[in-house]
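# Residue-level structural notes
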Amino acid sequence: MNVSEFNYNLPEELSNNIEKLSSKEINNEIQQLMEQGKLEEALKLTQKHPNDPVIQSQKGNIYIILGEYKEVKRIGKRFKDDEIIQSQKVNAHITLGEYEEAIEIGEKFKDNEIIQEQMKEVYLKHLRKTIYETNEYSVEDLEKEIRQLQETEKIDDFKRNFN
């Protein structure tokens, strides 16, 4: 579904009071609209607050649901220091097979547990891609790397052995 196809018509009561709502209230309203499947209305609310990272992370969630990963990446460029939005951006990079870009985010957010968990998936998929493209690894090498990835708690250990 293309975002430009949306018909943005918020209920009149909500539209009249939108400027008076706090960020938390708007976030709750967006969440409710998303749960009701009213993504176009939820998206409209996010556009009224382009500089609020909490609201924009909800916008990222909507775009993920819609499969609009380039939009998720665009939001990530604007909020480079927001861990939640960067985690969404990692998901977009994974989905698009852009592992190097995802790894860059992982390097920046070494202390974020969620992003580091995502890095395990990134390195595994990157390893598989490397194997298929170059045939440099044997099946045994791949199985060893997969076992290590599944067992390790520290992504740095896996990265050292990967390189």
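Please refer to the structure placed before this passage.
First things first, this report covers the structure right here in the doc. (Residues numbered from 1 in each chain as written. Predicted model: local features only at pLDDT ≥ 70, side-chain atom pairs only at ≥ 80, totals over all residues. Heavy atoms only, no water.)

The next thing to look at is the nonpolar core. In this structure, Ile30, Met34, Ala42, Ile62 and Tyr63 are the most contacted members of the largest nonpolar core, which totals 17 residues. Listed by contribution, the elements that provide at least two residues to this core are helix H2 (23-35), helix H3 (39-47), helix H4 (53-66), helix H5 (69-78) and helix H6 (83-96). (Core = buried A, V, L, I, M, F, W, Y, C linked by side-chain atoms within 4.5 Å. Buried < 20%, exposed > 50% of the residue type's maximum accessible area, 1.4 Å probe, protein only. Helix = DSSP H or I, 4+ residues; strand = E, 2+ residues; numbered from the N terminus.)

Across the interface, H2 lies against H3 with an axial gap of 8 Å and an inter-helix angle of 160°. It follows that H2 is roughly antiparallel to H3 by the angle criterion. Crossing angle aside, the handedness with which H2 passes H3 is left-handed. For the pair H2 and H3, contact is made by Glu29, Ile30, Leu33 and Met34 and by Leu39, Glu41, Ala42, Leu45 and Thr46, respectively. Per-class residue counts for the contact of H2 with H3 are six nonpolar, one polar and two charged. (Axes fitted to C-alpha atoms, helices over the stretch in contact; angles between N-to-C directions. Parallel < 35°, antiparallel > 145°, perpendicular 65-115°, else oblique. Left-handed = near helix turned anticlockwise from the far one by under 90°. Contact = heavy atoms within 4.5 Å. Nonpolar A, V, L, I, M, F, W, Y, C, P; charged D, E, K, R; others polar.)

Time to look at H6. With 14 residues, H6 extends 20 Å from end C-alpha to end C-alpha; this agrees with the ideal 20 Å at 1.5 Å per step. Regarding H6, the residues found buried are Ile85, Gln86, Ser87, Gln88, Lys89, Val90, Ala92, His93 and Ile94. N-capping of H6 is provided by aspartate 82, with a side-chain oxygen placed 3.1 Å from the backbone N of isoleucine 84. Once H6 finishes, glycine 97 follows within two positions and takes phi at roughly 75°, a positive value. (Expected span 1.5 Å × (residues − 1). Polar contact = N/O pair within 3.5 Å; in protein donor to acceptor, adjacent residues only side chain to side chain.)

This part takes up the side chain of serine 57. Within the secondary structure, serine 57 sits in helix H4. In this view, serine 57 contacts Ile84, Ile85 and Gln88; residues no more than four positions away in its chain are not counted.

The axes of two packed helices give the description: the angle between them and the distance between them. Relative orientation of the contacting elements H4 and H5 amounts to 160°, with a least axis distance of 8 Å. By the angle class used here, H4 and H5 are roughly antiparallel. Crossing hand, H4 versus H5: left-handed. Contacts between H4 and H5 pair Gln56, Lys59, Gly60, Tyr63 and Ile64 from the former with Tyr69, Glu71, Val72, Arg74, Ile75 and Arg78 from the latter. Taken together, the residues of the contact of H4 with H5 sort by class into five nonpolar, two polar and four charged.

Glancing now at helix H7 (residues 99-108). Here H7 has its buried residues at Tyr99, Ala102, Ile103, Ile105 and Gly106. Here the buried residues of H7 occupy an arc of 160° about the axis, which is enough to place them on one side. (Arc of directions from axis to C-beta.)

To continue, consider the environment of serine 23. With respect to the helices, strands and loops of the structure, serine 23 is situated in helix H2. For the pair formed by serine 23 and isoleucine 55, sequence separation is 32 residues and the distance between their alpha carbons is 7.2 Å. Serine 23 has contacts with Asp52, Val54 and Ile55, leaving out every residue within four places of it along the chain. Among the polar contacts made by the side chain of serine 23, one reaches the side chain of aspartate 52 at a distance of 2.5 Å.

Glancing now at the side chain of glutamine 56. Mapped onto the elements of the fold, glutamine 56 is located in helix H4. Given the relative accessible area of 1%, glutamine 56 is considered buried. In terms of polar contacts, glutamine 56 uses its side chain to reach the backbone carbonyl oxygen of threonine 46, at 2.9 Å. Contact partners of glutamine 56, with chain neighbours within four places excluded, come to Thr46, His49, Pro50, Ile75, Arg78, Phe79 and Ile85.

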